[in-house]
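The residues making up each chain are set out below.
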Amino acid sequence: MLRQHLCRLTVTTRGEGFTDLTGMLQHELSSSGLRQGLLQLVALHTSCSLTINENADPRVLHDLTTYLRALVPQGGLQEPYAYDDEGPDDMPAHIRTALTTTSLGLSFDQGRLVLGTWQGVYLREHRIQMLLKRNVSMHIIGE
């Protein structure tokens, strides 16, 4: 019988970078009692995103950060950003979010996320500001 479980994860980020959500997602999935189905994640903010990426070698996440900074520099490309109401790191964060994604769909089987051997699920904080509370909606549908 198909069932649903909806919850919200709150994560505190420590400035720009990646926060591994895999363990928290797996814990909530296990607590739901569902064994097989789909998990939909949505970051409820416009200045952070979600990604599935390498979880074994931290150099991968470092390189991703370096290239996101190069693609979207803090001060703008040819002129300063017009929008700076929430600080100079906010507009670059919005652009980086637009280039990535705020939602992910994942399968699970036997109560476990279906991920590759070296994959983890991350929240990517695009703001430099420290100690931001980020909410991720987690909608689990399965049996």
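Preceding this paragraph is the structure being described.
The model shown is predicted, which means the values in this text are computed figures rather than measured ones.

Reading guide: rules and limits
- Residues numbered from 1 in each chain as written.
- Predicted model: local features only at pLDDT ≥ 70, side-chain atom pairs only at ≥ 80, totals over all residues.
- Heavy atoms only, no water.
- Helix = DSSP H or I, 4+ residues; strand = E, 2+ residues; numbered from the N terminus.
- Buried < 20%, exposed > 50% of the residue type's maximum accessible area, 1.4 Å probe, protein only.
- Contact = heavy atoms within 4.5 Å.
- Lys, Arg positive; Asp, Glu negative; His and termini not counted.
- Charge placed at Lys NZ, Arg CZ, Asp CG, Glu CD.
- Pairing = 2+ DSSP bridges.
- Axes fitted to C-alpha atoms, helices over the stretch in contact; angles between N-to-C directions.
- Salt bridge = Lys/Arg side-chain N within 4 Å of Asp/Glu carboxyl O.
- Arc of directions from axis to C-beta.

Asker: Can you walk me through the overall build of the protein chain in this structure?
Answerer: Helix and strand counts for the protein chain stand at three helices and eight strands. When the helices and strands of the protein chain are listed from N to C terminus, the series reads β-β-α-β-β-α-α-β-β-β-β. In the protein chain, which comprises 143 residues, the proportion classed as buried is 41%. A separation threshold of at least 6 residues defines the contact pool for the protein chain, and within that pool the share at least 24 residues apart is 84%. Of the side chains in the protein chain, 12 bear a positive and 15 a negative charge, and the two mean positions are spaced by 7 Å.

Asker: I keep staring at the sheet that holds strand β3 (residues 37-43) and nothing clicks. Help me out?
Answerer: The sheet built from five strands is open, its strands ordered β1-β8-β3-β5-β6 with antiparallel pairing. Of all strands in the sheet, those bounded by a partner on one side alone are β1 (3-13) and β6 (112-113). Summarising the sheet, β3 and strand β8 (residues 132-142) pair through seven bridges and their orientation is antiparallel. Considered in β8, the bridge of Ala43 is made with Val136. The strands that helix α1 (residues 22-32) touches are β1, β3, β5 (103-109), β6 and β8; relative to β1, the one it contacts most, it runs at about 150 degrees.

Asker: For this particular structure, what's the right way to read the pattern of salt bridges?
Answerer: When their charged atoms lie close together, side chains carrying opposite charge are able to pair. Counted by the stated rule, this structure contains eight salt bridges. A salt bridge links Arg96 to Glu16; its shortest N-O distance comes to 3.5 Å. Here Arg96 is found in helix α3 (residues 90-99), whereas its partner Glu16 is found in the loop between β1 and β2 (17-20), with 80 residues between them in sequence. A residue is classified by how much of its surface remains accessible, and Arg96, at 1% relative accessible area, is buried. Residues joined by salt bridges that share partners form a network here, namely Glu16, Arg69, Arg96 and Arg124.

Asker: Would you mind showing me how to read α1 here?
Answerer: Residues three or four positions apart in an α-helix share a direction because the helix packs 3.6 residues into each turn. Of the residues making up α1, those classed as buried are Thr22, Leu25, Gln26, Glu28, Leu29 and Ser32. Along the long axis of α1, the arc covered by the buried residues comes to 165 degrees, so they all point the same way. More than 90 degrees from the buried face of α1, the exposed residues found are Gly23 and His27. A positive backbone phi angle near 80 degrees is found at Gly33, which sits one or two residues after α1.

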